[in-house]
Amino acid sequence: MILPFAAVMAIMYFMMIRPQKKKDKQLADMRNSLDIGDGITTIGGIVGRVVAIKDDTVVIETGTDRTRIRFKRWAIQDVEKLVVD
């Protein structure tokens, strides 16, 4: 009786929990590797360039009028690294 239950739990771990933890770690690494000048996209779809970084907040500049907006790090979805030639 215990063996099938353990098998189901092991399958759930390897199919659901482990990949999600790996994805969460990749997102955390991406958010922690932010530098000033990097382009970002937030989870709300706002695109901008990083101008300041604090402990858990990031200030970005967006638009032609250079509007500055402050976001929490967890709200960053994608980072485009600044390429220096």
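K.L.:
Please clarify how unusual backbone geometry should be interpreted in this entry.
P.N.:
Working note: non-glycine residues mostly have negative phi, and peptide bonds are mostly trans. Despite not being glycine, R66 shows a phi value in the positive range, around 55°. Relative to the assigned elements, R66 resides in the loop between β3 (57-62) and β4 (67-72).

K.L.:
What am I meant to see in helix α1 (residues 2-32) here?
P.N.:
Since the α-helix advances by 3.6 residues per turn, residues separated by three or four positions end up pointing in the same direction. With 31 residues, α1 extends 42 Å between its outermost C-alpha atoms, agreeing within 8% with the 45 Å of an ideal straight helix rising 1.5 Å per residue. At Y13, α1 shows its largest bend, some 40°.

K.L.:
I keep staring at the nonpolar core and nothing clicks. Help me out?
P.N.:
In summary, soluble globular proteins display a tendency toward joint burial of nonpolar side chains. Counting ten residues, the largest nonpolar core consists of M30, L34, I40, V50, V58, I60, F71, A75, I76 and V79. At the level of secondary structure, the elements contributing two or more residues to this core comprise β3 and β5 (76-80). Beyond its immediate stretch of four places on either side in the chain, V79 contacts M30, L34, D38, G39 and I40.

K.L.:
Where do I start with the sheet that holds strand β2 (residues 47-53) in this structure?
P.N.:
What holds strands together in a sheet is hydrogen bonding between their backbones, with the strands either parallel or antiparallel. Strand order in the open sheet formed by five strands is β4-β3-β2-β1-β5, with antiparallel pairing between adjacent strands. Of all strands in the sheet, those with a lone pairing partner are β4 and β5, marking the two edges. The mean inter-strand angle of the sheet, taken between neighbouring strand axes irrespective of direction, is 40°. The pairing of strand β1 (residues 39-42) with β2 spans three bridges and is antiparallel. Bridge pairing in β2 places G39 opposite R49.

Parameters and conventions
- Residues numbered from 1 in each chain as written.
- Predicted model: local features only at pLDDT ≥ 70, side-chain atom pairs only at ≥ 80, totals over all residues.
- Heavy atoms only, no water.
- Helix = DSSP H or I, 4+ residues; strand = E, 2+ residues; numbered from the N terminus.
- Expected span 1.5 Å × (residues − 1).
- Bend = angle between axes of the 7 residues up to and from the residue.
- Core = buried A, V, L, I, M, F, W, Y, C linked by side-chain atoms within 4.5 Å.
- Buried < 20%, exposed > 50% of the residue type's maximum accessible area, 1.4 Å probe, protein only.
- Contact = heavy atoms within 4.5 Å.
- Pairing = 2+ DSSP bridges.
- Axes fitted to C-alpha atoms, helices over the stretch in contact; angles between N-to-C directions.

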